[in-house]
Amino acid sequence: MDLRLDGIHHSYGSTEVLSGISLDIPAGQIVCLVGPSGCGKSTLLRFVGGLEQPTGGAVLQVGTPPAGCLNPLTYVFQDFALLPWRSVRGNIAFALAPHRLPRAEEEAIITDVLARTKLSDFADALPKQISGGMKQRVAIARALAVRPAVMLMDEPLSALDSQTRELLMDDLVTLWTRAPFTAVYVTHNLSEAVRLGHKIVVLSRRPGKIREVVDIDTPLSERRHGDPALEAAEARLWGLMRDEAAAADAELLHV
Ligand SMILES: Nc1ncnc2c1ncn2[C@@H]1O[C@H](COP(=O)(O)OP(=O)(O)OP(=O)(O)O)[C@@H](O)[C@H]1O
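Here goes a summary of the coordinates provided. No experiment lies behind these values; they were computed from the predicted model shown.

### So, the nonpolar core
Argument step 1. In this structure, Cys-32, Val-34, Ala-141, Ala-145, Val-150, Val-184 and Tyr-185 are the most contacted members of the largest nonpolar core, which totals 64 residues.
Argument step 2. Sort the elements by how many residues they give to this core and helix α4 (residues 132-145) lands first, with eight residues.
Argument step 3. Ignoring sequence-local partners within four residues, the contact set of Ala-145 consists of Ile-92, Ala-95, Leu-96, Ile-109, Ile-110 and Val-113.

### A look at the pairing of strand β7 (residues 183-186)
Argument step 1. Where burial is concerned, the two faces of β7 agree: the one with Ala-183 and Tyr-185 and the one with Val-184 and Val-186 are both buried.
Argument step 2. Taken together, the four bridges between strand β3 (residues 30-34) and β7 define a ladder with parallel strand orientation. Counted as the bridge partner of Ile-30 is Ala-183 from β7.
Argument step 3. As paired elements, strand β6 (residues 150-154) and β7 share four bridges and run parallel to each other. The residue of β7 that forms the bridge with Asp-154 is Val-186.
Argument step 4. In this fold, the crossover linking β6 to β7 by way of helix α5 (residues 162-178) has right-handed handedness.

### A word on the packing of helix α2 (residues 88-96) against helix α3 (residues 103-116)
Argument step 1. Two elements in contact, α2 and α3, have axes separated by 10 Å at closest approach and are oriented at 130 degrees. Regarding the angle of α2 to α3, the classification is oblique. α2 and α3 meet at a crossing whose hand is right-handed. Here α2 contributes Arg-89, Ile-92, Ala-93 and Leu-96 to the contact with α3, which in turn contributes Glu-106, Ile-109, Ile-110 and Val-113.
Argument step 2. Here the residues of the contact of α2 with α3 sort into six nonpolar, no polar and two charged.

Conventions and cut-offs
Residues numbered from 1 in each chain as written. Predicted model: local features only at pLDDT ≥ 70, side-chain atom pairs only at ≥ 80, totals over all residues. Core = buried A, V, L, I, M, F, W, Y, C linked by C-beta atoms within 7 Å. Buried ≥ 20, exposed ≤ 12 C-beta atoms within 10 Å, placed from the backbone. Helix = DSSP H or I, 4+ residues; strand = E, 2+ residues; numbered from the N terminus. Contact = placed C-beta atoms within 7 Å. Pairing = 2+ DSSP bridges. Right-handed = clockwise from strand over helix to strand, strands pointing away. Axes fitted to C-alpha atoms, helices over the stretch in contact; angles between N-to-C directions. Parallel < 35°, antiparallel > 145°, perpendicular 65-115°, else oblique. Left-handed = near helix turned anticlockwise from the far one by under 90°. Nonpolar A, V, L, I, M, F, W, Y, C, P; charged D, E, K, R; others polar.

Set out below in structure tokens:
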């Protein structure tokens with residue numbers, strides 16, 4: 001299932017936040033949204049997930065969700081959003097509960113996503129007993145468990161230290177390489193965008209408009225930290241964003 005954003009506009013009261021956003025999100029690709037603070041990235045993600053409706057335009061689902069999909073759109077948040085009183089397994093089961101699957105099928109899904117996110121040995125741990133990186137792997141496992149058509153990821157690595165972030169990027173690449181998933185991935189971090197994005201959408205400062213869409217053709221599994229081609233792509237993105245990021249920063253100072 002592809003997603004198509006068709007002429008999205010949005011205002012909160014008299015503040016215009018997004019303007020004329022049209023974009024295709026093809027199945028099996030990770031599409032990163034980058035742009036200066038306050039340009040409307042998270043707002044756009046909420047529209048894609050149906051949590052809010054834009055003032056104008058539409059988010060269209062094109063085609064059918066993949067076989068076995070329980071929930072077409074699912075979120076992964078920066079702060080993990082785990083239930084602290086439930087184990088790793090219990091947090092994943094919680095996402096499956098509304099679907100009332102036969103017990104054996106639910107167990108099979110949980111076993112599979114725990115293995116894919118390297119959490120099998122921690123199934124019975126509580127969130128407070130595991131590291132930040134593992135917590136985010138639980139959140140990713142929980143999202144994968146409902147076999148979504150599209151994962152909506154809002155700064156999923158921002159709360160983690162830089163080494164953990166590197167490791168999780170490797171994990172996401174491995175997960176995608178074994179079973180390509182579709183994601184809309186909001187990030188401030190351009191090196192994350194060039195490591196993970198097939199398509200990087202650069203938004204202007206508020207009201208966010210699409211300035212440019214940068215395609216990165218190097219297969220995800222061949223992208224390495226320090227790769228000159230990726231560094232060049234990152235520099236190009238920064239070139240597109242620098243003046244607007246500085247202006248957005250200055251604007252925040254005057255709020
Ligand atoms: N519910 C809301 N009501 C009013 N204004 C809002 C609401 N949500 C967001 N905004 C405003 O809309 C603009 C875009 O916010 P949004 O969080 O989408 O930007 P962002 O690009 O994700 O920002 P950041 O990069 O800083 O996380 C901001 O000016 C924000 O203050």
